[in-house]
Amino acid sequence: MRVMAIDYGDAHTGVALSDPTGFLVGTTTTINSWRQEVVVAELAKLIEKHRPEEVVLGFPKNMDGTDGRKAGLYRELAAALEETTGMQVILWDERRTTIDAHRILFNQGKDGRKRKKIVDAVAASLILENYLDYKRMKQE
């Protein structure tokens, strides 16, 4: 079961896909646009190409569990993507994924410019990894 995870950002949106078994994080990519309609169109193309069974959107939560200040924007993206593709979009807590992605890239020796270009794809991978772990634990 292939799963797609999305890390929606102001100017860059990271996308990660699991392998066909839904067990491992496979490919990642970045959509470089701040315009929601462009992001939705590009995501729809990726969904058409890769045919995931589930789409997971990282959702901003505050550390106390309440919705983050951009929650409404993320709900709008989810609704637009659902309308465009006909797929349900699962909102998934993304707390600390971008921070962890920056730390991973820093530890790999990536400088600030290089990190900025790929951090959203790495964050999408972390969202996907967390979601896949949750699904595995739920099945046990």
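So, here's what we can say about the structure. (Residues numbered from 1 in each chain as written. Predicted model: local features only at pLDDT ≥ 70, side-chain atom pairs only at ≥ 80, totals over all residues. Heavy atoms only, no water.)

1. Topic: the nonpolar core
Working step 1: If you look at the biggest cluster of nonpolar residues, it comprises 21 residues, and the most contacted ones within it are M4, I6, L43, V55, L57 and L81.
Working step 2: Elements supplying a minimum of two residues to this core: β1 (3–7), β2 (12–18), α1 (36–50), β4 (54–59) and α2 (71–85).
Working step 3: Among residues more than four places away in sequence, those in contact with V55 are M4, I6, I47, L81, M87, Q88, V89 and I90. (Core = buried A, V, L, I, M, F, W, Y, C linked by side-chain atoms within 4.5 Å. Buried < 20%, exposed > 50% of the residue type's maximum accessible area, 1.4 Å probe, protein only. Helix = DSSP H or I, 4+ residues; strand = E, 2+ residues; numbered from the N terminus. Contact = heavy atoms within 4.5 Å.)

2. Considering the pairing of β2
Working step 1: For β2, the tally of buried residues reaches six of seven residues, placing the bulk of the element in the interior.
Working step 2: Bridge analysis of β1 against β2 gives four bridges, and the strand direction is antiparallel. Directly across from A5, in β2, lies its bridge partner A16.
Working step 3: Hairpin remark: β1 followed by β2, antiparallel, with four residues in the connecting loop.
Working step 4: Taken together, β2 and the strand that follows it, strand β3 (residues 25–32), pair antiparallel across an intervening segment of six residues, in which G22 is found at a positive phi of about 70 degrees. (Pairing = 2+ DSSP bridges.)

3. Describing the packing of aromatic side chains
Working step 1: With the rule as written, the count across this model stands at four aromatic pairs.
Working step 2: With 5.0 Å between their ring centres and 85 degrees between their planes, W92 and Y131 make a pair best called edge-to-face. Here the residue W92 occupies a position in strand β5 (residues 89–93), and Y131 occupies one in helix α4 (residues 112–139), the gap between them amounting to 39 residues.
Working step 3: On the numbers, 5.1 Å between centres and 55 degrees between planes, the contact of W92 with Y134 is tilted. One end of the pair, W92, is in strand β5; the other, Y134, is in helix α4, with 42 residues separating them in the sequence.
Working step 4: Among the aromatic residues, those joined into a ring-pair cluster are W92, Y131 and Y134.
Working step 5: Residue placement shows R136 over the ring face of F23; its charged tip is 4.6 Å from the ring centre. (Phe/Tyr/Trp six-rings, centres within 6.5 Å; stacked < 30°, edge-to-face > 60°. Lys NZ or Arg CZ within 6 Å of the ring centre and 35° of its normal.)

4. Focus on the packing of helix α3 (residues 97–107) against α4
Working step 1: Relative orientation of the contacting elements α3 and α4 amounts to 120 degrees, with a least axis distance of 8 Å. Taken together, the axes of α3 and α4 are oblique relative to one another. Here the hand of the crossing between α3 and α4 comes out right-handed. Packed against α3, whose contacting residues are T97, T98, D100, A101, H102, I104, L105 and F106, the element α4 presents R115, I118, V119, V122, A123, L126, I127 and N130 at the interface.
Working step 2: Counted by class, the contact of α3 with α4 contains 10 nonpolar, four polar and two charged residues. (Axes fitted to C-alpha atoms, helices over the stretch in contact; angles between N-to-C directions. Parallel < 35°, antiparallel > 145°, perpendicular 65-115°, else oblique. Left-handed = near helix turned anticlockwise from the far one by under 90°. Nonpolar A, V, L, I, M, F, W, Y, C, P; charged D, E, K, R; others polar.)

5. Here's the deal with α2
Working step 1: End to end, α2 covers 21 Å across 15 residues, agreeing with the expected 21 Å (1.5 Å per residue, within 8%).
Working step 2: Here α2 has its buried residues at A71, Y74, L77, A78 and L81. Seen from one end, α2 has its buried residues packed into an arc of 120 degrees, which puts them on one side.
Working step 3: Buried-residue contacts for α2 involve β1, α1, β4 and β5. (Expected span 1.5 Å × (residues − 1). Arc of directions from axis to C-beta.)

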